[in-house]
Amino acid sequence: MSDSLRLDVAEEVFGGWIRAMPIFRDCPKRLPAMLSAHLSSLVLSPHENIMANPVRRDSLFIVEKGLIAHRGKIQETGALLGVERIYKAHGELLEASPPAVTLCHAVVLCLKRDALLGVVAEFPETQRQMRAIVCRLIMRETVMAYARAVIESVHGRGEALDSGAAATAGPDGVVSKKKSLLGGSVRVIRFLLGEDLEH
């Protein structure tokens, strides 16, 4: 099979998965075919953490079939897992991604990180776009994780203040001021996370 025909076949089989990925939206027509040539299928049994697989530590995954729990929710078909690995050093790849555990038999498409970077390097505009999107995703996940930790910490302190309010409240209302500040912090963080402030 010639290289041209191989790319055509790969694009026909896998091109739709590549074009559906947000980081490759509006990419050049030739890029999906070139990336498709580097995709391979991996069948997984239930309760496997694909991010902990040392053989695939340098891979990104596209959910083709099955249910996979990742980042606290069930990932939809076509979801891209392991985006945070793209710009990590090789020694940090296994630690870079949160667990992605299969809930049943599943099939994922694997894409080697070096293959991805090599192909995208031929398309400078797409390369810049991909870097910007990936950096935003990583920043968003980091901020949300930090914000949730702050909410949990503030919530815990608020309960402690509630339980000790009767014993510690003074005439100047120090406890109520602290509770007001903590409540304000929670509302701001929930607003940043897009949560409903009415609940």
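In the block above lies the structure referred to throughout.
Quick caveat: nothing in here was measured; it's all calculated off a predicted structure. (Residues numbered from 1 in each chain as written. Predicted model: local features only at pLDDT ≥ 70, side-chain atom pairs only at ≥ 80, totals over all residues. Heavy atoms only, no water.)

Novice: Would you mind going over the nonpolar core with me for this structure?
Specialist: Nonpolar side chains in soluble globular proteins generally cluster together in the buried interior. Grouped together as the largest cluster of nonpolar side chains are 23 residues, with contacts concentrated most on Ile18, Ile23, Phe24, Leu31, Leu35, Leu116 and Met130. Setting aside residues no more than four positions away along its own chain, Phe24 makes contact with Ile18, Leu31, Leu35, Leu116, Val120, Thr126 and Met130. Counting 13 residues, the second-largest nonpolar core is a separate cluster that includes Leu42, Met51, Ala100 and Val108. (Core = buried A, V, L, I, M, F, W, Y, C linked by side-chain atoms within 4.5 Å. Buried < 20%, exposed > 50% of the residue type's maximum accessible area, 1.4 Å probe, protein only. Contact = heavy atoms within 4.5 Å.)

Novice: Would you explain the sheet that holds strand E2 (residues 59-65) in this entry?
Specialist: Each strand in a sheet pairs with its neighbour through backbone hydrogen bonds, running either in the same direction (parallel) or in the opposite one (antiparallel). With antiparallel pairing, the 4 strands of this open sheet are ordered in space as E1-E7-E2-E5. Only two strands of the sheet have a single neighbouring strand rather than two, namely strand E1 (40-44) and strand E5 (80-81). The pairing of E2 with E5 spans 2 bridges and is antiparallel. Looking at the pairing, Phe61 lines up with Leu81 of E5. Its contacts with the sheet place helix H4 (residues 113-120) against E2 and strand E7 (106-112), and it is angled at close to 55 degrees to E7. (Pairing = 2+ DSSP bridges. Helix = DSSP H or I, 4+ residues; strand = E, 2+ residues; numbered from the N terminus. Axes fitted to C-alpha atoms, helices over the stretch in contact; angles between N-to-C directions.)

Novice: What's the story with the sheet that holds strand E6 (residues 100-102) in this structure? I'm lost.
Specialist: One open sheet holds the 3 strands; their spatial order is E4-E3-E6, and the pairing between them is antiparallel. Only two strands of the sheet have a single partner each, and these edge strands are strand E4 (73-75) and E6. Strand-to-strand, the axes of this sheet are offset by a mean angle of 35 degrees, without reference to chain direction. The sheet contact formed by strand E3 (residues 68-70) and E6 spans 3 bridges and is antiparallel. Counterpart to His70 in the pairing with E6 is Ala100.

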